[in-house]
Amino acid sequence: MLFKGFEVLVTTAVHGACGMVVQLSVRRDAGSCPACGRASTRVHDRYERRLQDLPLAGHAVRILLSVRRFVCVDVACPKRTFAEQIPGLTSPYARVTDRLAALLDRIALALAGRAGARMAGALGLVAGRMGLLNRIRAMPDPLYDMPRIIGVDDFATRRGHSYATVITEGERHRPIEVLPGREAAPLAAWLTAHPGVEVICRDRAGAYAEGAALGAPDALEIADRFHLWQNLGQAVEKCVASHRDQLHALTLQAEEEDAAISTGSTREAASVPDDALPSGRRAERMRAHHALVHGLLDEGMGLRAIARHLGWGRHTVQRFARAARWQDAVTGRRTRPSRLDVHRAYLQRRIDETAGAVSIKELREELAAQGRPVPYSSLRDWARSRLHWPDNPARPPAPPSVRQVTGWLTRRPSALTEDEHQQLKAVLNACPELATAHRLVRDFGDMLTHQTGVLLPAWIEDAAEAELPGLTGFARGLTSDLDAVTAGLTLRWSSGGTEGAVNRIKKIKRQLYGRADCELLRKMILLQ
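Parameters and conventions
Residues numbered from 1 in each chain as written. Predicted model: local features only at pLDDT ≥ 70, side-chain atom pairs only at ≥ 80, totals over all residues. Heavy atoms only, no water. Helix = DSSP H or I, 4+ residues; strand = E, 2+ residues; numbered from the N terminus. Phe/Tyr/Trp six-rings, centres within 6.5 Å; stacked < 30°, edge-to-face > 60°. Lys NZ or Arg CZ within 6 Å of the ring centre and 35° of its normal. Axes fitted to C-alpha atoms, helices over the stretch in contact; angles between N-to-C directions. Parallel < 35°, antiparallel > 145°, perpendicular 65-115°, else oblique. Contact = heavy atoms within 4.5 Å. Nonpolar A, V, L, I, M, F, W, Y, C, P; charged D, E, K, R; others polar. Buried < 20%, exposed > 50% of the residue type's maximum accessible area, 1.4 Å probe, protein only. Arc of directions from axis to C-beta. Pairing = 2+ DSSP bridges.

Caption draft 1: Molecular detail of unusual backbone geometry. Of note, the phi angle at Q451 is positive, near 55°, even though the residue is not glycine. Along the chain, Q451 turns up in the loop between α18 (432–450) and α19 (456–466).

Quick look at the structure:
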């Protein structure tokens, strides 16, 4: 067995209850000192190393390696003795082989502590959760060339209490550094230590703007378009909320038309004669069967006798007998007898006398006073379905909420339904201020979509003259960061890749919940 110039001899291989044990020894006359590189043939002593190796057929493999310790021949070398290593198989002080260490590193990065330990156990390996986490801590940081374009964003290590900053490559969207906090000083120090950054994509946080200006004054700063639209949506919501009274007084024309249509259709349905509802040969047959059954019932025959006489099933005869009208038998509507039917006349009279103002509770109390107590729930369900209540006046349609109107103003027109278009039109006709806000939102959306940032100063002036709550303050706030906002509405670079990295960081945080310190979290972010 050869390992990069080393010949390893397998002396014994035993398969036991605990797995397979393989005994190895090295065939080589000399060893090279890791400090000075000189070869030595002076053997100081021998000892045995126990190494865990990749499993074989689901069984654990343990290697017993006979190792020699050499004496360095260079008297000036700081190492007096050194142990021989086999490249590709062993590393100093390691208790696993290099190939098993590479597998454990992958498991640790993918699954972290507890989940990684469970996966290792399923593969026939012995690895504890803390051992896997310590492997991540011992890994070196990945090497990278200093990028020309970077993205900067914050994420919560403990929501509401502590935050950190992630820096990503603008072209490959890969995290290259994680800084503590979200203040200007750490970002400025990092940019000063890593010159060469030309473009910085960031949100509109003042700390990142200050840090970028201090650490890389010549770099072009770009305000992220997503955050610009998010800030605009918050400003529009304030504007709509200030006109809440006009929304409450608004009755949307579309809903009125729907109510009129539904009322007209109900009246048309009520004006149609009962005999005209079902039609066709089946309806004529059902009419004849209904008349036949009720004629036999009037003669005094029972249901079973009618069924035997006609040769029908008893349930069929019962269905026609229970139907007060032949249309009820056609549509399948049934009216089952109830023990509350004896109270129908009295209760219906009380409802008519009070024009429907009497409640079910009052009716129940009246029946109880007469010595006829009934359960409230039974009376309620029976009265709703068997008694005739006067029509209540239709409730006026609810006015649109602030969030609904904000969504209509800020969403794409193609994403609105026809009903939402009609409702938005009614809102804009009733409130000229919101019509002006709608125009400003559409103009800003066109700048963002078509990347026409040169029109931004004119838009800011127009929004300032409108003097709308929320929108005017948003427009004036853009002037303090005008260059970055103009670049964000003009160039193709954005913080989209950085936002994606923050999303992946949330998954890593869940893996390490309650166990990760800042350094371990940083390693996981950079190495994954």
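Caption draft 2: Quick look at the packing of aromatic side chains. Here the structure, examined in full by the defined rule, presents six aromatic pairs. The interplanar angle of 70° and the centroid separation of 5.8 Å between the aromatic rings of F444 and F474 together place this pair among those described as edge-to-face. With a gap of 30 residues between them, F444 in helix α18 and F474 in helix α20 (residues 471–478) connect regions that are remote in the sequence. Ring pairing ties together the aromatic residues W229, F444, W459 and F474, which thus form one cluster. The ring of Y163 is capped by R182, whose NZ or CZ atom sits 3.6 Å from the centre of that ring. Directly above the ring of F320 sits R319, whose terminal nitrogen or CZ lies 5.2 Å from the centroid.

Caption draft 3: Geometry of the packing of helix α3 (residues 129–138) against helix α23 (residues 518–527). Closest axis-to-axis distance for the α3/α23 pair is 9 Å, and the angle between their directions is 70°. The orientation of α3 relative to α23 falls into the category roughly perpendicular. Between α3, through L133, I136 and R137, and α23, the contact on the second element is made entirely by L520, K523, M524 and L527. Tallied by class, residues from the contact of α3 with α23 come to five nonpolar, no polar and two charged.

Caption draft 4: Representation of helix α14 (residues 360–369). Of the positions making up α14, those classed as buried are I360, L363 and L367. What you see down the axis of α14 is that its buried residues fit within an arc of 60°, all on one side. Turned more than 90 degrees away from the buried face of α14 sit K361 and A369, all of them exposed. Residues of α14 that are buried sit in contact with α13 (344–353) and α15 (376–386). Phi for G371, located one or two positions after α14, is positive at around 85°.

Caption draft 5: Region of interest: the sheet that holds strand β13 (residues 220–223). With respect to topology, five strands assemble into an open sheet ordered β11-β10-β9-β12-β13, the strand pairing being mixed. Of all the strands in the sheet, just β11 (175–180) and β13 have a single pairing partner and so form its edges. Between one strand axis and the next, the sheet turns through 25° on average, direction left out of account. With three bridges connecting them, strand β9 (residues 149–158) and strand β12 (residues 199–202) associate as parallel partners. Counted as the bridge partner of I150 is I200 from β12. Helix α22 (residues 496–511) contacts β9, β10 (162–169) and β11 of the sheet and is inclined by roughly 30° relative to β9.

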